[in-house]
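# Summary of the model geometry
Here are the chains, one letter per residue:
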Amino acid sequence: LSHVMNPVLVAFATRELPNDELGRLSGAMAAVGTCAKLVAPLLSAFVMRRTIDGPFPSALYLVAAVVTMPGIALAWFVHPKEAPDGEAENSEVQSSDSEGEGVLS
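## Comments concerning the side chain of threonine 51
- Relative to the elements of secondary structure, threonine 51 occurs in helix α2 (residues 22-51).
- A distance of 2.7 Å separates the side chain of threonine 51 from the backbone oxygen of valine 47, its partner in a polar contact.
- In contact with threonine 51, not counting residues within four places along its chain, are Phe56, Pro57 and Ala59.

Given below as structure tokens:
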């Protein structure tokens, strides 16, 4: 899933950030990804070792859902910033249509 998600996240970020901030974002995303790749196997092994023989052997799935929830909450509440003048992103298309270009009659 990360092979599909990472390019999409980078595309969204490049659309929202100025060009001089993209390097910082790339470094931060690489650092978070590296930390996640380090912590995830350790956490899953710890949970499996503690719960596999107990009354709730599928606790790993519950822990994975709980760990994922903050990311889902952030994605739900973060909204793209508006254009400086409050104009829509496709204002050029609207202005060309009002001049009569590209309008079918």
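## Here we look at the pattern of salt bridges
- For the structure shown, the criterion picks out 1 salt bridge.
- For arginine 24, the salt bridge goes to glutamate 21, with nearest N and O atoms at 3.4 Å.

## Some details on a nonpolar patch on the surface
- Taken together, the side chains of Leu38, Val39, Leu42, Leu43, Phe46 and Val67 present a nonpolar region at the surface, about 560 Å² in accessible area.
- Residue contributions to the nonpolar patch peak at 5 residues, all from α2.
- Turning to its location among the elements, leucine 38 is positioned in helix α2.
- Since its relative accessible area comes to 57%, leucine 38 is described here as exposed.

## Notes on the environment of serine 58
- Of note, serine 58 is situated in the loop between α2 and α3 (59-77).
- On the basis of relative accessibility, which here comes to 35%, the residue serine 58 falls in the partly exposed class.

## Quick look at α3
- The end-to-end C-alpha separation of α3 is 28 Å, in line with the 27 Å expected for 19 residues at 1.5 Å each.
- Taken as a whole, α3 carries its principal kink of about 30° at methionine 69; the proline proline 70 stands between one and four residues after it.

## Observations regarding the confidence of the model for the protein chain
- Scored by pLDDT, the protein chain has a mean of 78; 73% of the residues are at 70 or more.
- Across the protein chain, element-level confidence peaks in α2 with a mean pLDDT of 91 and bottoms out in helix α4 (residues 91-98) with 47.
- Within the model, the stretch residues 88-98 combines pLDDT values under 50 with 2 contacts to residues more than four positions away or in other chains.

Scoring rules and cut-offs
Residues numbered from 1 in each chain as written. Predicted model: local features only at pLDDT ≥ 70, side-chain atom pairs only at ≥ 80, totals over all residues. Heavy atoms only, no water. Helix = DSSP H or I, 4+ residues; strand = E, 2+ residues; numbered from the N terminus. Polar contact = N/O pair within 3.5 Å; in protein donor to acceptor, adjacent residues only side chain to side chain. Contact = heavy atoms within 4.5 Å. Salt bridge = Lys/Arg side-chain N within 4 Å of Asp/Glu carboxyl O. Patch = residues over 30% accessible without salt bridge, like charges linked within 9 Å, V, L, I, M, F, W, Y side chains within 5 Å. Areas by Shrake-Rupley, 256 points an atom, 1.4 Å probe, with all protein chains shown as cover. Buried < 20%, exposed > 50% of the residue type's maximum accessible area, 1.4 Å probe, protein only. Expected span 1.5 Å × (residues − 1). Bend = angle between axes of the 7 residues up to and from the residue. pLDDT = per-residue confidence, 0-100.

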